[in-house]
Each structure stands twice: as structure tokens, then as C-alpha cells.
Amino acid sequence: MWTTDLFLVLLGLICGLAVAAGAFALIAGLGLIPRLAGKTSAAAYVIPLENAVIYGGIFGAVIALFDQIPLRIGSWFTLVYGLSAGVFTGCLSVALAEVLNVFPILFRRAKIKRGLNLMVFFFALGKMAGALYYFMILF
């Protein structure tokens, strides 16, 4: 009986490590953090930014997995953490789209020549509205 539990624990740990390694390999392999740092004029801080991404991923996983551990950090931390995670996710998706040249291909095929900045801004607003709808109404 305990061997089955031990096997499931090890399998879950190995699968979780594989998924996390794949996510961080995608971020590192495509060079998203250096590109994001270059776009935000923070190129001198690439190593600390990469470390922050790793530590943030570890911290988020620990909080998600061990929710029974009482953390007396207050509701302000939830706001700061949620805002930081949302900004990071938005910046990461824009950096990924830029690396993969999604927007130039989309705009060329749609024959859009003016208002590109405004269109990207409205993409971000739509993503924010969808996330707010999900977390405030459906979740």
C-alpha cells in the first residue's frame, strides 16, 4: 500500500519537474527575458530578471502545492502578487509573440498599415478583460 503512494509521489514530482523544466526552457531557449529586458531598457539586469523568474516560479509552486501552510502576509500581498503575475504574464506573452513574429505576419495578412500600437494596446485590454471576467465571475 505504501509502495503505491511512494510511486505516485515520485511520479508526480518527476512530471512536475518535467513541466517546469519545459516552461523555463521555452523562456530561456527563445531568449524572452533578454528581449524583454532590452525592450524595457533594463538590459543591465538580465541575470537578476532571470533569477526573479525562477524564484517566482518556485514560490508560486510552493504556495499552490502547500496551501495548508498558514502564511500571515496579509491581503495586500495577494494584490501585489496578482498584479505582478499579471504584468509578467502579459509581458511574457507579448515578448513571445514578438519573438515568433506573430504581429508582423498578422498585420501584413490583414493589410493593416496604421494604428499598430493602438491595436496591440487593445489586444492587451481584451486579455485583461477576459482575465477579470474569468477570475471575478467564473472562478
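Just above sits the structure.
Analysis parameters
- Sequence order as written defines residue numbering, which begins from 1 separately in each chain.
- Whole-chain, interface and lining totals are the exception, using all residues; otherwise, since this is a predicted model, local features are given only for residues with pLDDT of at least 70 and side-chain atom pairs are given and counted only at 80 or more.
- With hydrogens and water stripped out, all remaining heavy atoms of the structure feed into the side-chain values.
- Among the buried residues, those of types Ala, Val, Leu, Ile, Met, Phe, Trp, Tyr and Cys that are joined through side-chain atoms within 4.5 Å form a nonpolar core.
- Three exposure classes are used, based on accessible area relative to the maximum for each residue type with a 1.4 Å probe and protein chains only: buried under 20%, partly exposed in between, and exposed over 50%.
- Every helix listed is a DSSP run of H or I at least four residues long, and every strand listed is a run of E at least two residues long, numbered separately from the N terminus.
- Any two residues whose heavy atoms approach within 4.5 Å are treated as being in contact.
- Inter-axis angles, ranging from 0 to 180 degrees, are taken between N-to-C directions of lines fitted to C-alpha atoms, where helices are fitted over the stretch in contact.
- With respect to orientation, any angle under 35 degrees is reported as roughly parallel, any angle over 145 as roughly antiparallel, any angle of 65 to 115 as roughly perpendicular, and every other angle as oblique.
- By the definition used in this description, the sense in which the near helix is turned from the far one sets the handedness, with an anticlockwise turn below a right angle giving left-handed and a clockwise turn giving right-handed.
- Three classes are used, and their members are as follows: Ala, Val, Leu, Ile, Met, Phe, Trp, Tyr, Cys and Pro are nonpolar, Asp, Glu, Lys and Arg are charged, and the others, Gly among them, are polar.

Thoughts on the nonpolar core
Line of reasoning, step 1. The biggest cluster of nonpolar side chains holds six residues, and these are I27, L32, I33, V53, L92 and A95.
Line of reasoning, step 2. Elements with a minimum of two residues in this core: helix 2 (32-39) and helix 4 (75-99).
Line of reasoning, step 3. In this structure, I27 is in contact with L32, I33, V53 and L92, ignoring residues within four places of it in sequence.

Examining the environment of F59
Line of reasoning, step 1. By the secondary structure assignment, F59 is in helix 3 (residues 46-65).
Line of reasoning, step 2. Once residues lying within four places of it in the same chain are set aside, the contact partners of F59 are F77 and Y81.

Section: the packing of helix 2 against helix 3
Line of reasoning, step 1. Contact pair helix 2 / helix 3: the axes reach a minimum separation of 10 Å and the direction vectors enclose 125°. Considering the angle they form, helix 2 stands oblique to helix 3. Every pair of crossing elements has a handedness; the one defined by helix 2 and helix 3 is right-handed. Contact residues: helix 2 offers I33, P34 and A37, while helix 3 offers V46, L49, E50 and V53.
Line of reasoning, step 2. Looking at the contact of helix 2 with helix 3, its residues break down into six nonpolar, no polar and one charged.

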